[in-house]
Amino acid sequence: MDYIGLSELEIQRRESLKELRNLGIDPYPAEGYHVNIYTTDILSKFSDENMPKNLKSVSLAGRIMSRRIMGNASFVELQDSKGRIQLYFKRDDICPDEDKTMYNVVFKRLLDIGDIIGVKGFVFRTKMGEISVHVTEFTVLSKALHPLPIVKEKDGHVYDAVTDLEMRYRQRYVDLIINPHVKDVFIKRTKIINTMREFFNEKGYLEVETPILQPIPGGAAARPFITHHNALNIPLYLRIANELYLKKLIVGGFEGVYEFAKDFRNEGMDRTHNPEFTVLEIYVAYKDYLWMMEFTEKMVEKVAIALHGTTKVKLGDKEIDFKTPFKRISMYAAIKEYTGYDISGKSEKDLRQICKELNIEVDETMGKGKLVDAIFGEKCEDNFIQPTFIIDYPIEMSPLTKKHRSIPGLTERFELIVNGKELANSYSELNDPIDQKERFEDQLRLSEKGDDEAMFIDRDFIRSLEYGMPPTAGMGIGIDRLTMFMTDSPSIQDVLFFPQMRPEKKAEIFNESIFVENGIPEEWAKILFKSGFTSLAQLKEANPGKLHQILCGWNKKHKLGLQNPTPEQVKQWTNI
RNA sequence: GAUUGAUUAGCUCAGCAGGUAGAGCAUCUGCCUUUUAAGCAGGAGGUCCGGAGUUCGAGUCUCCGAUCAAUCACCA
């Protein structure tokens, strides 16, 4: 076995692996292990007076998280999918006969923290009062070769926790093993999605799937990822939204459709942005945005209660109350409240001037919509901590939204803001095909002006509207953000199992061939390379005596079991 | 992309106006027979992120690079 480059702990574990096999124990057995109880059930059902029958003979499996060996009695903490429990191993119970190998060798010496075992035994309470499993038999189920970081915990106080974010995100499996609260976040995430799904299904809306690879990335303003389809020889885009496809389904006659969709945006990454993220979009025929506002707040309230049993949720040092009804305020009223400016009816030039007076950075490519959005984003958004609907957006920033029924220049649109961040976005969908075509053309003009986020024109979408789409309300909500709010997570990386990261630095390219070609045996060539000799010139400069020592030392240290070269041989190598 | 900070044992972290690399846990060897984050004693374990420079001497100072984090910018 090639131990080069391994730490001592890893070498030890590989040695233990060999020894297990020599003893006839398969460290990775093929058959399953019969489990009849979880750690948490043992703890909750235990009773000193009236021990339930099923605790008299338990069989469970999990990972060894700590060991305390006291001669021929030992304690182990076992972690399964639900929690942890203490195991008690006693030599003469594990090995009733003369042969004490299973305890003295296999358990004490060849098992390590991180290994996965199955145990059978009975439940009891130790003198110290801890509910434990007295093990009568154990089975090695999987030997861990990579040492697990050791985290200790007592009375809620955690010692030596792994806090390195890079390790936690890159090796999420390790994070999940050693930081139990991490699992909770993801269990809650799934619960959020399930709760929403139930809410929609109860009303008879249909869960659907629409394309992720799209010839035209529509439905939002964002920079897409581009890929290429070989057979068709065309570019394809990863979707930035599923809006247009879902509306086509409403045209097709469904009453309500929804999709939990992965969207992709080729933009910056930070605490609240990941290149791929999950969005729920739902469209319901014969409804408008006022209906959707009530629908949305009920849905969010239901999620909060499903998760926490109350509408009040802790978020950092704040408490958010998701009790309905949420506050509603129009966008212009919000701007007036926080800036003092009444921007209704203002021209692009006026808006630019107002931005200047408010010290908001603007550039030439920004149209009216983006200017208003800049004012709102800069001066207002942060102020809305409790759930608030911002309603009635200017037409320029809402190209897929129906014009307001009574206020010119505005659209029937709302966003839900929580903790100063946009959570959901919704509107009465524009179903006038001619108006829609004009709005797309406006976007085209913005794009020509240099706005690289302006929407593409989707002619098939316009064609679908020409067949007639019923009045429809649509809503999109960021699942990652919702999960952040509901689990008190400060960054999106905490609610994604595998957040996008820069690739790990490539391992050094292993190339000892130059030495091999010059007659040095391969095993020694590798060691030369690993000890920092990467060229023949370097080798020539080396002191042969010292080099001999380095090589023999390496052989010993890493237990390679190679026959050491003679000093003369090594001298020869330096003279190649 | 900018600024600031970080990178030392498997893990958590010390270390200094430049002078032989430290602790706890984990690991190994003894002792210890129901412990409570960690029983006791002893041992082993490091390319101090990489490269160049200053110096008699660099983990420490300077420069370049890598990676990560925080803040900002960008992100309808």
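These numbers come from a predicted model, not from an experiment.

(A) Examining the nonpolar core more closely. One finds M196, F200, L280, I282, F322, I477 and M486 to be the most contacted residues of the largest nonpolar core, which totals 39 residues. The biggest single contributor to this core is helix α9 (residues 289-308), with nine residues. The contact partners of F322, leaving out residues within four places of it in the chain, are V300, E301, A304, T311, V313, P387, V418 and M486. One finds I37, L87, V106 and F138 within the second-largest nonpolar core, a separate group that totals 29 residues.

(B) Highlighting the sheet that holds strand β17 (residues 388-391). One open sheet holds the eight strands; their spatial order is β8-β12-β13-β20-β19-β18-β17-β16, and the pairing between them is mixed. With one partner strand each, in any of the chains shown, β8 (206-207) and β16 (327-330) form the two edges of the open sheet. Bridge count between β8 and strand β12 (residues 256-264): two bridges; the pairing is parallel. When the bridges of β12 are listed, L206 appears paired with V257. The strands touched by helix α10 (residues 331-339) within the sheet are β16 and β17, with β16 carrying the most contacts at an inclination of about 85 degrees.

(C) Structural view of the side chain of E259. One can find E259 in strand β12. Relative accessible area serves as the criterion here: at 4%, E259 is assigned to the buried category. Within the local environment of E259, its side chain forms a polar contact with the side chain of T210, the two groups lying 2.6 Å apart. There is a polar contact of 3.1 Å between the side chain of E259 and the side chain of N242. If near-sequence neighbours (up to four positions away) are discounted, E259 is found in contact with V208, E209, T210, R239, N242, L246, V279, L280 and E281.

(D) Spotlight on the sheet that holds strand β9 (residues 213-214). What the three strands build is an open sheet, ordered β9-β11-β10; its pairing is antiparallel. Every other strand in the sheet has two partners, leaving β9 and β10 (226-229) as the edge strands with one partner each.

(E) Quick look at the environment of M366. Tracing the backbone through its elements, the reader meets M366 in the loop between α11 (348-357) and α12 (368-379). Assessed through its relative accessible area of 11%, M366 is described here as buried. Residues M366 and K449 lie 83 residues apart in sequence; the distance between their C-alpha atoms is 8.5 Å. Setting aside anything within four residues of it in sequence, one finds M366 in contact with E348, R352, L371, A374 and K449.

The rules behind each value
- Residues numbered from 1 in each chain as written.
- Chains lettered and ligands numbered in written order.
- Predicted model: local features only at pLDDT ≥ 70, side-chain atom pairs only at ≥ 80, totals over all residues.
- Heavy atoms only, no water.
- Core = buried A, V, L, I, M, F, W, Y, C linked by side-chain atoms within 4.5 Å.
- Buried < 20%, exposed > 50% of the residue type's maximum accessible area, 1.4 Å probe, protein only.
- Helix = DSSP H or I, 4+ residues; strand = E, 2+ residues; numbered from the N terminus.
- Contact = heavy atoms within 4.5 Å.
- Pairing = 2+ DSSP bridges.
- Axes fitted to C-alpha atoms, helices over the stretch in contact; angles between N-to-C directions.
- Polar contact = N/O pair within 3.5 Å; in protein donor to acceptor, adjacent residues only side chain to side chain.

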